[in-house]
Amino acid sequence: MDIQRKPRPWFVRHRYPLLAGTVFAAMVVYVMVLALRPHRLTIDGATHRIAEVAVQPFMEYVDVEGLVLPIRTVQVHAPESGFADRIVTEEGAMLDAGDTILVLSNPELLRTIDDEQVAWQNSERNFRDQEIEMQQKTITLRQQVLDAEHQMAALDKSLRQSREEYRMGIKSKAELEVAEEDYRYQHQRLLLQMQSLSHDSAATRLKREMIQANRDAAARRLSRTTDRTANLVVRSPVAGQLSFLNVTQGQQVAAGASIGEIKVLTEYKVRASLSEYYIDRVTTGLPAHIAQQDRTFPLRISRVVPEVKDRQFACDLLFTADKPSNLRLGKSFRVQIELGKPEKALVIPQGDFYRHTAGRWIYRLAPDGRTARRTPIEIGRQNPKQYEVVAGLQPGDRVIVSGYDKLGDAEELVISMD
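In short, a report on the structure. Numbering of residues starts from 1 in every chain and runs along the sequence as written. In keeping with the predicted nature of the model, local features appear solely for residues at pLDDT of at least 70, side-chain atom pairs appear and are counted solely at 80 or more, and the whole-chain, interface and lining totals rest on all residues. Values reported for side chains reflect all heavy atoms of the structure, with hydrogen atoms and water molecules removed beforehand.

### As for the overall build of the protein
Segments assigned H or I by DSSP are reported as helices when at least four residues long, segments assigned E as strands when at least two residues long, and all are numbered from the N terminus. A count of helices and strands for the protein gives five helices and 22 strands. Here the term buried applies to any residue with accessible area under 20% of the maximum for its type, exposed to any over 50%, and partly exposed to those in between, with areas from a 1.4 Å probe on protein chains only. Expressed as a percentage of the 418 residues in the protein, the buried residues total 32%. Two residues form a contact once any of their heavy atoms are found within 4.5 Å. For the protein, restricting intrachain contacts to residue pairs at least 6 apart in sequence, the fraction spanning at least 24 positions comes to 76%. Of the roughly 26,700 Å² that the protein leaves accessible, carbon and sulfur atoms contribute 52%. Each accessible area is a Shrake-Rupley estimate made with a 1.4 Å probe; only the visible protein chains count as cover when residues are assessed.

In structure tokens, the structure reads:
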């Protein structure tokens, strides 16, 4: 006889699918919990730099490299063209103002000077002939006036005698009138001759002035041409070091060509290049300093070059007090240019967090120091050692400032002190 078996419960019959579904649901819940909970990362606290947020003196400054240069560099030019006949001074020599650097030769210039001397001698003879001619003319006019005055004296005496004879009845009235007419004619002639002599004196004076002006001009031309021989000797315009000489023996040098340069070493300056970001803030007179040999040497910006090249601009600085003992041309120093005065501010030390977070957030440690969470912040001014914190942190907070290249995007860090 068959025994009727009771049917199994539905959960028994479908236990495997139910078990699989339960496992799947548990996994989904687990994944969702992991996704919703903050991403945590365990780090070694010894490999990351932890700093405390504090209110400290803050000064905005720029730390740049400065190169020592001479206070002034003077170009040496050849005043006259010629061939390099003798090089007197070599590169690197120390010179005083007026020392000979180079001697040139110019045969064409010597011929020009000879021609100018011949022309000057001819003009001098010409001027002398003109002066002699004027003197002779003046003498002739004076002789004529002298003769006319003598004739007038004789006529005056004769006229007085004629008038006396007319009164005595010896001469007729017609004879007296002829004598008086003769006297008037000679008198007018004397006046004209005297006027001619006066005009000749004025003309002679003007001619003499013109001749003298022409003579002076000719002498100046000759002097300038002769003085050009002195320009064949190229001399140092200032005292300093001949740092560059671009001439070889026998080389032809054009007039006005730059043949070298002299560095004036009575003083030094420091040339620094800065990012164009600071071009509106760096001005003449800003203080700066160099830290060297356990001392601080103050400087001041003397000139700002306004031209921006490759997103950089340059400025020159001068020492305002003592200088480093190892100051040499071409030597570089770290220069700190001050952009403001020291003041109290909430600051944190420099670190690579800024490069990875753009200063928008930082990991702030919990009070127990075992965990750290991402915290939004706002960074203000900065200098090579500090960042100014504008918002997001309080004095006494501790933050992680380095090692961000290994932290990824973790929301929370677990700090291991082992």
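We are not done yet, so read on.
### Concerning the sheet that holds strand β7 (residues 100-105)
The strands making up a sheet associate through backbone hydrogen bonding, with each pair oriented either parallel or antiparallel. Whether two strands pair comes down to DSSP finding at least two bridges between them. Strands sit in the order β8-β7-β5-β10 across an open sheet of four strands; the sheet is antiparallel. The open sheet is flanked by β8 (233-235) and β10 (252-253), the only strands paired with a single partner. Bridging between strand β5 (residues 82-87) and β7 involves four bridges; their strand directions are antiparallel. The partner of Ile87 across the bridge, within β7, is Leu102.

### So, the pairing of strand β22 (residues 412-416)
Note: strand β1 (residues 40-44) against β22, five bridges, orientation parallel. Considered in β22, the bridge of Thr42 is made with Val414.

### Thoughts on the sheet that holds β22
The strand order β1-β22-β18-β17-β21-β2 describes an open sheet built from six strands, whose pairing is mixed. Because the sheet does not close on itself, it has two edges, and the strands there are β1 and β2 (50-52). Sheet twist, expressed as the mean angle between neighbouring strand axes with direction ignored, is 35°. Between N-to-C directions, angles cover 0 to 180 degrees, with each direction set by a line fitted to C-alpha atoms, over the stretch in contact for helices.

### Details of the side chain of Glu388
With respect to the secondary-structure elements, Glu388 resides in strand β20 (residues 386-391). Apart from the residues within four sequence positions on either side, Glu388 is in contact with Phe58, Ala345, Leu346, Val347, Glu378, Ile379, Gly380 and Arg381.

### Here we look at the packing of aromatic side chains
Aromatic pairs are defined between Phe, Tyr and Trp rings, using the six-membered ring for Trp, whenever the two ring centres lie within 6.5 Å; interplanar angles under 30 degrees are classed as stacked, those over 60 as edge-to-face, and all others as tilted. One pass over the full model with this rule turns up seven aromatic pairs. For the pair Trp361 and Tyr363, a centre-to-centre distance of 5.2 Å together with 85° between the ring planes defines the contact as edge-to-face. For the pair formed by Trp361 and Tyr363, the shared burial category is buried. Plain terms: the ring middles of Tyr363 and Tyr404 are 5.4 Å apart, the flat faces sit at 35° to each other, and that makes the pair tilted.

### What about the pattern of salt bridges?
Salt bridge, as used here, is a side-chain nitrogen of Lys or Arg placed within 4 Å of a carboxyl oxygen of Asp or Glu. The full count for this structure, using the stated rule, is 13 salt bridges. For Asp63, the salt bridge is made with Arg334, and the minimal N-O distance between the two is 2.7 Å. In this pair, Asp63 is assigned in strand β4 (residues 61-77) and Arg334 in strand β15 (residues 332-338), connecting sequence segments 271 residues apart. A relative accessible area of 26% places Asp63 in the partly exposed class. Connected via shared salt-bridge partners are Lys269, Arg271, Arg303 and Asp316.

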